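# Analysis of the macromolecular model
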Amino acid sequence: MFLIIGYVVVIGAVLGGYLPHGKFSVLVQPFEVVIIFGAAFGTFLIANPISVLKRSISFTIRAMKGAKKKSAYLELLVCLYAVFRLAKSKGDLALESHVENPESSALFNNFPGVTADHHALEFLCDYLRLLTLGTTNAYELEAVIDQELEAHHEEDGAVSDAIQTVGDALPGLGIVAAVLGIINTMGSVTEPPEILGEMIGAALVGTFLGILASYGFVGPTSAIIKRTVELDSKFYVCMKAALIGHMQGYAPQVSVEFARKILPPEIRPSFKELDEAIQNAPTV
């Protein structure tokens, strides 16, 4: 939401400062737009595989929605508590049917926010499955989780880096469009000053668009995508802490407390909030 509001503020500030003294029609230069943004898209395709393009679109939509809220983490913690409570009372093998078919699990279906995040649910079930297979060494499992999280971090970071690279290229591509406009103007040097002035102004719009797009839109979008990905990665780190606590033999409430404490303050439920939610945790 704030991403869209920011876009509106940038456009409003730029046009609001320009329109009282200039004509909007001068800024409407479709060929400049084609040159700048067409070339930018081409450089993106040259530098990145198609998977990064797809993830860039989904990550931008995700950034518009914002990172996961505190309520999502509270639901995750209660879900983890319910999972560990079942494992403590009936053994880790009792989780087998739930992790094999989480979409139809009576346990996970109590937590729609968790099941809606398919990647997070798959991550959790993969490691719970290892518990049902007899994994007992918490340190070895922690090392495996850390390697997977690092791989996720590198893969997700490639998206914001790719977008930032395009943002860095846009001012230069704007200059390319402006130079082409000047070349076109020089071919009409015998025209009256009024015509030449309009042609030069149209050429300079390329530089304006390139710089504005870079620093007003693409650069900030890359930054918010990176911030959103970093915040949402806490969802996985939270699961990791709880899993390791459970494997080390702690009670379910202690395991989820470990997970709660590692969360940043802005998304961390209070001890009281978690305790009250746990008291109402569904049973299977």
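A brief report on the enclosed structure follows. (Residues numbered from 1 in each chain as written. Predicted model: local features only at pLDDT ≥ 70, side-chain atom pairs only at ≥ 80, totals over all residues. Heavy atoms only, no water.)

## Thoughts on a nonpolar patch on the surface
Nonpolar side chains collect at one region of the surface, where Ile175, Val176, Val179, Leu180 and Ile183 lie side by side and expose about 430 Å² of accessible area between them. Structurally, Val176 is set in helix α9 (residues 138-186). Residue classification places Val176 among the partly exposed residues on the basis of a relative accessible area of 41%. (Patch = residues over 30% accessible without salt bridge, like charges linked within 9 Å, V, L, I, M, F, W, Y side chains within 5 Å. Areas by Shrake-Rupley, 256 points an atom, 1.4 Å probe, with all protein chains shown as cover. Salt bridge = Lys/Arg side-chain N within 4 Å of Asp/Glu carboxyl O. Helix = DSSP H or I, 4+ residues; strand = E, 2+ residues; numbered from the N terminus. Buried < 20%, exposed > 50% of the residue type's maximum accessible area, 1.4 Å probe, protein only.)

## Overview of the side chain of Gln29
Note that Gln29 resides in the loop between α2 (24-27) and α3 (30-47). In terms of polar contacts, Gln29 uses its side chain to reach the backbone carbonyl oxygen of Val26, at 2.8 Å. Not counting residues within four places of it along the chain, the set of residues in contact with Gln29 comprises Ala202 and Val205. (Polar contact = N/O pair within 3.5 Å; in protein donor to acceptor, adjacent residues only side chain to side chain. Contact = heavy atoms within 4.5 Å.)

## A short note on the environment of Tyr236
By the secondary structure assignment, Tyr236 is in helix α10 (residues 193-247). Separated by 112 residues in the primary sequence, Tyr236 and Leu124 place their C-alpha atoms 8.3 Å from one another. Excluding its chain neighbours within four sequence positions, the residues that come into contact with Tyr236 are Asp117, His119, Ala120, Phe123 and Leu149.

## Some points on the environment of His119
On the secondary structure map, His119 appears in helix α8 (residues 118-132). Owing to a relative accessible area of 60%, His119 belongs among the exposed residues under this scheme. Spatially, the C-alpha atoms of His119 and Tyr236 are 9.7 Å apart, while their sequence positions differ by 117 residues.

## Digging into the pattern of salt bridges
This structure, assessed with the given rule, holds eleven salt bridges. With its nearest N and O atoms 3.1 Å apart, the salt bridge here joins Asp232 to Arg62. Here the residue Asp232 occupies a position in helix α10, and Arg62 occupies one in helix α4 (residues 50-65), the gap between them amounting to 170 residues. Residue Arg62 is classed as partly exposed on the basis of its relative accessible area of 29%. The closest approach of N and O atoms between Asp126 and Arg129, which form a salt bridge, is 3.0 Å. You can see Asp126 and its partner Arg129 sitting in helix α8, three residues apart, about one turn around the helix.

## Notes on the packing of aromatic side chains
One pass over the structure, following the stated rule, counts five aromatic pairs. Note on Tyr7 and Phe217: the rings are 5.3 Å apart at their centroids and 50° apart in plane angle, and the pair reads as tilted. Separated by 210 residues along the polypeptide, Tyr7 in helix α1 (residues 2-18) and Phe217 in helix α10 bring together distant segments of the chain. For Tyr7, a relative accessible area of 21% gives the class partly exposed. For the ring pair Phe123 and Tyr236, a centre distance of 5.1 Å and an interplane angle of 85° mean the geometry is edge-to-face. Note that Phe123 is positioned in helix α8 and Tyr236 in helix α10, a separation of 113 residues in sequence. Take Phe123 and Tyr236: they sit in the same class, and that class is buried. The ring of Phe59 carries the charged tip of Arg62 above its face, separated from the ring centre by 5.0 Å. For the cation-ring pair, Lys68 lies above Phe235, with the distance from its terminal atom to the ring centre recorded as 4.6 Å. (Phe/Tyr/Trp six-rings, centres within 6.5 Å; stacked < 30°, edge-to-face > 60°. Lys NZ or Arg CZ within 6 Å of the ring centre and 35° of its normal.)

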